Amino acid sequence: MTIRSLRVVTGGVEVYNQPRYQGLPLVLREGFQALTESEVSRVQIRSFKVIVNDVFCYMEQGVTFRGNFSTTGSGAKCIDWSSTPHSSIPGNTCQNPDLSHDTPYCFVSRYHTESCDQIPTCVWDQECYTGTGYQYRGTVSTTQGGRRCQNWQWNFPHRHGYHEDEYQWAGVGNHNYCRLVHTTN
C-alpha cells in the first residue's frame, strides 16, 4: 500500500510510522487540510486508523466519551464539573475522566456521583468489511464455498509466500482467518 496524500474530512485519524499501529501516533483531527506526497514520505506513514468519535455511545469504560448526555440513568441532572473535585473539566455532561466508574458518570452534587447507564456501549461488528476488505480483522475462517481456510503459518496443503514476518501489516499470523494480502489494480 502506498499512501500518496491524506485529508481528514470529519473525525480524526491516527497515523503511525510502523505497521500494525506501532510507533508514535500522529493525530490528525477534523479540519486538517492535507498531507502532500512529500509530507507523507517524510512522515513515513506505514499504518493508520480512523478515530471513532464516541458521542452517541461509549467504548470501553467511556474515558473518551464526549456526548451531550447531562442526566444520569435515574434521571438526575448533572451539575457543572467546575463545582466538583474535577473542576478542570468544562460543562455538565457525562464522562469518565479518571476511569473510576465502569461507565460514563457525572456529579449530581459536589461530592456525589451517579452512573449515566442509559448511554449505550458502542458495538462494532468485526465480521463485516467495507470496500475490498483490506482492513478486515474478523474471525471468519471459511470460504464462501464452505472450505476451511489454511493457517497462514503453514505451507500445507497449499504453498504460499504470505508469512507473518513480511505480511504482518495484513493481519496474518498463527490463525486461519480471512485476510486480504494483495490487491489487483
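Quantities reported herein were computed from a predicted structural model and do not represent experimental measurements. (Residues numbered from 1 in each chain as written. Predicted model: local features only at pLDDT ≥ 70, side-chain atom pairs only at ≥ 80, totals over all residues. Heavy atoms only, no water.)

## Some words on the layout of surface pockets
Inference 1: Size it by volume and the second largest pocket reaches roughly 390 Å³.
Inference 2: If you go around the second largest pocket, you meet 16 residues; those closest to its centre are Arg148, Cys149, Gln150, Asn151 and His158. (1 Å grid on protein atoms, 1.4 Å probe; cavity = no way out; pocket = protein on both sides within 12 Å on 5 of 7 lines; lining within 4 Å. Points joined across faces, edges and corners; volume = space filled by probe spheres on them.)

## Side note on the packing of aromatic side chains
Inference 1: Per the counting criterion, the structure on display carries six aromatic pairs.
Inference 2: Counting every residue linked through ring pairs, the aromatic cluster contains Trp81, Tyr105 and Phe107. (Phe/Tyr/Trp six-rings, centres within 6.5 Å; stacked < 30°, edge-to-face > 60°.)

## A word on the side chain of His101
Inference 1: Along the chain, the position of His101 falls in the loop between strand E3 (47–51) and strand E4 (105–107).
Inference 2: For His101, a relative accessible area of 18% translates into the label buried.
Inference 3: Those residues within four positions of His101 in sequence are excluded, and the remaining contacts are Gln61, Asn96, Thr113 and Ser115. (Helix = DSSP H or I, 4+ residues; strand = E, 2+ residues; numbered from the N terminus. Buried < 20%, exposed > 50% of the residue type's maximum accessible area, 1.4 Å probe, protein only. Contact = heavy atoms within 4.5 Å.)

## Re the nonpolar core
Inference 1: Tyr58, Phe65, Cys78, Trp81, Ile89, Cys94, Tyr105, Cys106, Phe107, Cys116 and Ile119 together form the largest nonpolar core, which totals 11 residues.
Inference 2: In contact with Phe107, other than residues within four places in its own chain, are Lys77, Cys78, Ile79, Trp81, Thr84, Pro85, His86, His112 and Thr113.
Inference 3: Membership of the second largest hydrophobic core comes to five residues, among which are Trp152, Tyr167, Ala170 and Val181. (Core = buried A, V, L, I, M, F, W, Y, C linked by side-chain atoms within 4.5 Å.)

## Structural notes on the state of the cysteines
Inference 1: On inspection of all chains with the given rule, the structure shows two disulfides.
Inference 2: Here Cys78 connects covalently by a disulfide to Cys106, the sulfurs 2.1 Å from one another. Taking the sign of the S-S torsion, about -75° here, the bridge from Cys78 to Cys106 comes out left-handed. Note that Cys78 is positioned in the loop between E3 and E4 and Cys106 in strand E4, a separation of 28 residues in sequence. Residue Cys78 shares its accessibility class with Cys106, and that shared class is buried.
Inference 3: The residue that forms a disulfide with Cys94 is Cys116, at a sulfur-sulfur distance of 2.0 Å. Given an S-S torsion of about -75°, the disulfide between Cys94 and Cys116 has left-handed geometry. (Disulfide = S-S within 2.5 Å.)

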